[in-house]
Amino acid sequence: AGPPPGMTPVHLRAPALPVPETPVERPAAPPSPAERLRQLRPATDSADSSLASRGWAAYARGDIHAAGALLTEAAREPDARPWVHYALGFARLAESDVAGAARAWERVRSAAPDFNPVYFDLADAYLQGADTQASVRVLRAAQQRWPADPDVHNALGVVQLRRGALDDAVESFQQAVTVAPSDPAGYFNLGRARQIRYLQSRRYNAA
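Since the structure is predicted, the reported quantities are computational estimates derived from the model, not experimental observations.

What counts and how
Residues numbered from 1 in each chain as written. Predicted model: local features only at pLDDT ≥ 70, side-chain atom pairs only at ≥ 80, totals over all residues. Heavy atoms only, no water. Helix = DSSP H or I, 4+ residues; strand = E, 2+ residues; numbered from the N terminus. Buried < 20%, exposed > 50% of the residue type's maximum accessible area, 1.4 Å probe, protein only. Contact = heavy atoms within 4.5 Å. Polar contact = N/O pair within 3.5 Å; in protein donor to acceptor, adjacent residues only side chain to side chain. Salt bridge = Lys/Arg side-chain N within 4 Å of Asp/Glu carboxyl O.

Chemist: Just to check I follow, could you spell out the environment of T72 for this structure?
Modeler: Along the chain, the position of T72 falls in helix α3 (residues 64–75). Classification of T72 as buried rests on a relative accessible area of 16%. As for T72 and G55, which are separated by 17 residues in sequence, their C-alpha atoms are 8.7 Å apart. Beyond its immediate stretch of four places on either side in the chain, T72 contacts L88 and R92. Looking at T72, its side chain comes within polar contact range of the side chain of R92, at 2.7 Å.

This is the structure:
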């Protein structure tokens, strides 16, 4: 099951991040929220009738109000697993509560720091909330943990472009090319970032 139509959060590994002149090109869409959650959720929790499972089932069928209420209550339980907070983040985002999604996903990152997808989701949430500094902070942490992951470097470059840090963006895309020399997305991103920097330099010189 996936998110309700029109409620999929923007993902930095997706092909269509709505940033003007931003070079984002990935050959395939990222895993769906359900697929990402499955990586974090223990198999023993997949068929129970807990509040959290009922909440996620409500989210999957598009009942966002019920999903938010059930997952919020489930997340308050002292033994709530990280996947419960991860699911709550998607429900919060579906209700346009970007700050609430970020809080939930920060708890996931703290409890499960090796769970790669949450760094992208969290960076996306901060980006949607116009907090590019926090988005960069999260992706820098991911960069330290997965220095050979080109998606991390590409995502960081995207956010740096949003901030107008063109030199930093070029450096991030260069790192993506270095760690994945056979991935065309890194070259495309690097080329577009250099083009944007050149065009801005020309405008400055003309002025």
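Chemist: I tried to follow the pattern of salt bridges on my own but got confused; where do I start?
Modeler: Pairing between side chains of opposite charge can happen when their charged atoms approach one another. What the rule picks out here adds up to seven salt bridges. Between E106 and R137 there is a salt bridge; the shortest N-O distance is 3.7 Å. With a gap of 31 residues between them, E106 in helix α5 (residues 98–111) and R137 in helix α7 (residues 132–145) connect regions that are remote in the sequence. Salt bridges sharing common partners tie together R92, E95 and D97.

Chemist: I'm lost on unusual backbone geometry in this one. Help?
Modeler: Peptide bonds are trans in most cases, and residues, glycine excluded, mostly fall at negative phi. With a phi angle near 65°, S96 is a residue other than glycine that sits in the positive phi range. With respect to the element layout, S96 can be found in the loop between α4 (82–94) and α5. Here S96 falls in the exposed class, since its relative accessible area comes to 62%. The phi torsion at A130 lies on the positive side, around 65°, for a residue other than glycine. According to the relative accessible area criterion, A130 is exposed, its value standing at 65%.

Interpretation in functional terms is not warranted from these geometric data alone.
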